[in-house]
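Residue strings, one per chain:
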Amino acid sequence: MSDAHSFAVDVLGIICRRFEEKAADLRLMAETGTLFEAWLNGEAYLACKFQQAAYPFCEVTAKPPYGGTNGEEVKDENGNPYLKRGDLRVGATFEKGDHRWLFAEFAVLHDGNREGDEWQRKIEKDVSRLKRLGWVNSISLLVLVAVSRSDVRTVWGESLERFGVWNRPALTEHFSLSLPDGGSLMIKAFDVKRREGGIRSC
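These numbers were taken from a predicted model, which means no experiment stands behind them. (Residues numbered from 1 in each chain as written. Predicted model: local features only at pLDDT ≥ 70, side-chain atom pairs only at ≥ 80, totals over all residues. Heavy atoms only, no water.)

Draft legend 1. Molecular detail of the overall build of the protein chain. A tally of regular secondary structure across the protein chain gives five helices and six strands. When the helices and strands of the protein chain are placed in sequence order, the string is α-α-α-β-β-β-α-β-α-β-β. For 202 residues, the compact-globule estimate of 2.2 N^0.38 gives 17 Å, and the C-alpha radius of gyration of the protein chain, at 17 Å, lies within 12% of that figure. Each principal axis of the C-alpha distribution contributes one length, and for the protein chain these read about 50 × 40 × 30 Å. Taking all 202 residues of the protein chain together, 49% fall into the buried category. For the protein chain, long-range pairs separated by at least 24 residues make up 69% of all intrachain contacts whose partners lie at least 6 apart in sequence. Only carbon and sulfur atoms are counted for the fraction: they give 49% of the accessible area of the protein chain, which is about 9800 Å². Taking the average location of the 28 positive side-chain charges in the protein chain and that of its 30 negative ones, the two points are 4 Å from each other. (Helix = DSSP H or I, 4+ residues; strand = E, 2+ residues; numbered from the N terminus. Rg over C-alpha atoms; globule rule 2.2 N^0.38 Å. Buried < 20%, exposed > 50% of the residue type's maximum accessible area, 1.4 Å probe, protein only. Contact = heavy atoms within 4.5 Å. Areas by Shrake-Rupley, 256 points an atom, 1.4 Å probe, with all protein chains shown as cover. Lys, Arg positive; Asp, Glu negative; His and termini not counted. Charge placed at Lys NZ, Arg CZ, Asp CG, Glu CD.)

See below:
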């Protein structure tokens, strides 16, 4: 039986390996200086979809609704069905029908959105949405992807170190990737229901 944390680390590893294969494409996307989150979400989906039979996953869904997984009804502030959608949902069945689910939101930080605080507000909204999910033994995952035409640590390091979400306990070690022609990428993922000390809230 795999615990939810190990399952999430497996899924993230599959996605990161896909990004390694797409390093040249990522460098070209970084050159645009514009948001390419939809493209990145699609690559994350394809990474898991191509491994669905091999893992095996029982589900790989792009743009999943917040309600409906595991029979959970997610409500908005007024008690109405919550209609927002996430970026990726992956599920697997282990021994004796034991299920694990990962529900992810991706946020892309690039050369074109570093100024101002719009990127921070977007991430904080993602965290707020993910906290609505209460599935037992499952992960509500925020995946931050920082990419630059140059050294991403130099470009984004100071801004990220001052940002509270970045300093939360990470799911696992961050992933770094050198891109062609001097570009770079860094990924850090967070189980938003994990508190200091590794305790998870439901």
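Read on for the rest.
Draft legend 2. Region of interest: the packing of helix α1 (residues 4–21) against helix α3 (residues 37–50). Direction vectors running N to C along α1 and α3 enclose 115°, while the axes themselves pass 9 Å from each other. Like other packed secondary-structure pairs, α1 and α3 cross with a definite hand, here right-handed. Judged by residue contacts, Val11, Ile14, Ile15, Arg18 and Phe19 of α1 engage Leu40, Glu43, Ala44, Leu46, Ala47, Cys48 and Phe50 from α3. Looking at the contact of α1 with α3 residue by residue, the class counts come to ten nonpolar, no polar and two charged. (Axes fitted to C-alpha atoms, helices over the stretch in contact; angles between N-to-C directions. Left-handed = near helix turned anticlockwise from the far one by under 90°. Nonpolar A, V, L, I, M, F, W, Y, C, P; charged D, E, K, R; others polar.)

Draft legend 3. Just α3, in detail. Taking 1.5 Å per residue, 14 residues should reach 20 Å; α3 reaches 20 Å between its end C-alpha atoms and fits that length. For α3, every residue scored as buried is listed here: Glu37, Leu40, Asn41, Glu43, Ala44, Ala47 and Cys48. Summarising the axial view, the buried residues of α3 lie within an arc of 160°, below the 170-degree limit, and thus occupy one face. Exposed side of α3, more than 90 degrees from the buried face: Ala38 and Phe50 are the residues found there. Turning to α3, the residues buried within the fold contact α1, β1 (59–62), β2 (88–93), β3 (99–109), α4 (118–130) and β4 (139–148). (Expected span 1.5 Å × (residues − 1). Arc of directions from axis to C-beta.)

Draft legend 4. Fine view of α1. For α1, spanning 18 residues, the distance from its first C-alpha to its last is 26 Å, which sits close to the expected 26 Å at 1.5 Å a residue. Taken together, the buried positions of α1 are Ala4, Phe7, Ala8, Val11, Leu12, Ile14, Ile15, Cys16, Arg18 and Phe19. One side-chain oxygen of the residue at the start of α1 lies 3.0 Å from the amide nitrogen of histidine 5, identifying that residue as aspartate 3. (Polar contact = N/O pair within 3.5 Å; in protein donor to acceptor, adjacent residues only side chain to side chain.)

Draft legend 5. Just unusual backbone geometry, in detail. The omega angle of the peptide bond from tyrosine 55 to proline 56 is 0°, so this bond is cis rather than trans. Within the element layout of this structure, proline 56 appears in the loop between α3 and β1. Of note, the phi angle at lysine 63 is positive, near 50°, even though the residue is not glycine. Within the fold, lysine 63 resides in the loop between β1 and β2. Residues other than glycine seldom take positive phi values, yet aspartate 181 does so here, at roughly 60°. The residue aspartate 181 is located in the loop between β5 (175–178) and β6 (184–191) in this model.

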